[in-house]
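Topology and contacts: notes
The residues making up each chain are set out below.
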Amino acid sequence: MTVQRAENRPADLLRRLPATTVYVAVLLATAGWMATESRSGQARFIRHISSNVHHLKVGKWWTLLASGLVVDGVPALLGIAAVAAAVGLAEWRWGTLRGMGIFLFGHLVATLLTEGAMWLMRLAHLPGALSRARDVGISYGLVATVACLLAVGGERSRRYGLGLLTAALTIAWTVDHELADAGHLVALGLGVLAARSPWLSAHPDRGDG
């Protein structure tokens, strides 16, 4: 009986976490493919899928999703492991629709807000506003998901976990002054906002999606 339960664990995991399983598989496949490419090939691919002002202006809205298929800024396996843990936990708790919805909400809205800010900077002729900037990665969705999980946790989770995450992201933005760092703070706020939404609070544990 014990052996049978052990054998059923992978299938049970796939049944409960279909979106996380598929997304992690796609991230692994993309990372594996990029590892076989030259640096120039990798750079060309990144330019092609970046969700920057230029691409959005010419109607390449699909880059909003495609940009989330690449791990950027950290080792690929580390980023993928973080996604598997955070999105997997969210999907386990709230179901596929809500769990993956939080990630997509953070990724899409934070990207649109940061690129909107970049567009306004270009209109105002401010320095540092690039229409073809490199803008890919999983970080906005990941930060939003982690922030949401911390916000719905216990008092310690909210006070210390969310506080530490906010402090770390604020320090990063203060030191680097990068638009992406500001985007991480936006994504954190979006995650906290999602945690307080009736859409999520109505299904606090293992929603059916």
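Right, let's walk through the structure included here. Bear in mind that the values here come from a model prediction, so they are computed numbers and not experimental data. In every chain, residue numbers begin from 1 and rise along the written sequence. The predicted origin of the model limits local features to residues at a pLDDT of at least 70 and limits the giving and counting of side-chain atom pairs to 80 or more, whereas totals for whole chains, interfaces and linings rest on all residues. Where side-chain values are given, they derive from all heavy atoms of the structure, hydrogens and water being excluded.

**A closer look at the overall build of the protein chain**
The helix and strand labels rest on DSSP assignments: H or I over at least four residues marks a helix, E over at least two residues marks a strand, and numbering proceeds from the N terminus. Each helix and strand counted, the protein chain has 11 helices and 0 strands in total. Reading the secondary structure of the protein chain in the N-to-C direction produces α-α-α-α-α-α-α-α-α-α-α. The buried label goes to any residue with under 20% of its type's maximum accessible area, the exposed label to any with over 50%, and the partly exposed label to all in between, with areas taken from a 1.4 Å probe on protein chains only. Each of the 209 residues in the protein chain was classed as buried or not, and the buried ones make up 39%. Whether two residues are in contact is decided by their heavy atoms, any of which lying within 4.5 Å being enough. Pairs at least 24 residues apart make up 74% of the contacts formed inside the protein chain by residues separated by at least 6 positions. Of the roughly 11,800 Å² of accessible surface on the protein chain, a fraction of 65% belongs to carbon and sulfur atoms. Note on areas: these come from Shrake-Rupley sampling with a 1.4 Å probe, and a residue is covered only by the protein chains present in the view.

**Observations regarding helix α3 (residues 39–49)**
When we look at burial in α3, the residues that qualify are Gly41, Ile46 and Ile49. Angular distribution of buried residues about the axis of α3 spans 135 degrees; they occupy a single face of the element. Away from its buried face by more than 90 degrees, α3 exposes Arg39 and Arg47. Where α3 is buried, its residues contact α2 (18–35) and α5 (63–66). It is the directions from the helix axis to the C-beta atoms that the arc portrays.

**Comments concerning a nonpolar patch on the surface**
Like-charged residues within 9 Å of one another, or nonpolar side chains (Val, Leu, Ile, Met, Phe, Trp, Tyr) within 5 Å, are grouped into patches, provided each residue has over 30% relative accessible area and no salt bridge. For salt bridges, the criterion is a side-chain nitrogen of Lys or Arg within 4 Å of an Asp or Glu carboxyl oxygen. Together, Val22, Val26 and Leu69 give the surface a local cluster of nonpolar side chains, amounting to about 210 Å² of exposed area. What makes Val22 exposed here is its relative accessible area of 53%.

**Considering the layout of surface pockets**
Taken as a whole, the largest pocket encloses approximately 880 Å³ of empty space. In this analysis a 1.4 Å probe is tested at points of a 1 Å grid over the protein atoms alone, and where it fits but cannot get out there is a cavity; an open set with protein on both sides within 12 Å along at least five of seven lines is a pocket; lining residues have an atom within 4 Å of a point. Surrounding the largest pocket, 36 residues form its lining, Ser139, Tyr140, Ala180, Asp181 and His184 being those nearest its centre. Mapped by element, the contributors of at least two residues to the lining of the largest pocket are α6 (76–94), α7 (96–123), α8 (139–151), α9 (155–176) and α10 (179–195). A total of 6 residues in the lining of the largest pocket trace back to one element, the largest contributor, which is α7. Of the residues belonging to the lining of the largest pocket, the class tally is 19 nonpolar, 11 polar and 6 charged. Leu27, Ala31, Met34, Gln42, Ala43, Ile46, Leu69, Val70, Val71, Asp72, Ala76 and Arg134 are the residues that line the second largest pocket. Grid points are joined across faces, edges and corners, and a volume is the space filled by probe spheres set on the points. Three residue categories are used. Nonpolar comprises Ala, Val, Leu, Ile, Met, Phe, Trp, Tyr, Cys and Pro, charged comprises Asp, Glu, Lys and Arg, and polar comprises the others, including Gly.

**Quick word on the packing of aromatic side chains**
Two aromatic rings are characterised by how far apart their centres lie and by the angle between their planes. Two rings belonging to Phe, Tyr or Trp (six-membered ring only in the last case) form a pair when the distance between their centres is within 6.5 Å. Interplanar angles under 30 degrees mark stacking, angles over 60 mark edge-to-face geometry, and anything in between is tilted. Scanning the model with the defined rule gives 2 aromatic pairs in all. Geometrically, the ring pair formed by Trp33 and Phe45 is edge-to-face, given 5.0 Å between the ring centres and 75 degrees between the ring planes. Of the two residues, Trp33 is situated in helix α2 and Phe45 in helix α3; the sequence distance between them amounts to 12 residues. Note on Trp33: relative accessible area 39%, which makes it partly exposed. Note on Phe45: relative accessible area 22%, which makes it partly exposed.

**Digging into the side chain of Glu91**
Examined against the element boundaries, Glu91 turns out to sit in helix α6. Buried charge without a salt bridge: Glu91, with Arg16 as the nearest opposite-charge side chain at an N-O distance of 10 Å. In this charge count, Lys and Arg are treated as positive and Asp and Glu as negative; neither His nor the chain ends contribute.

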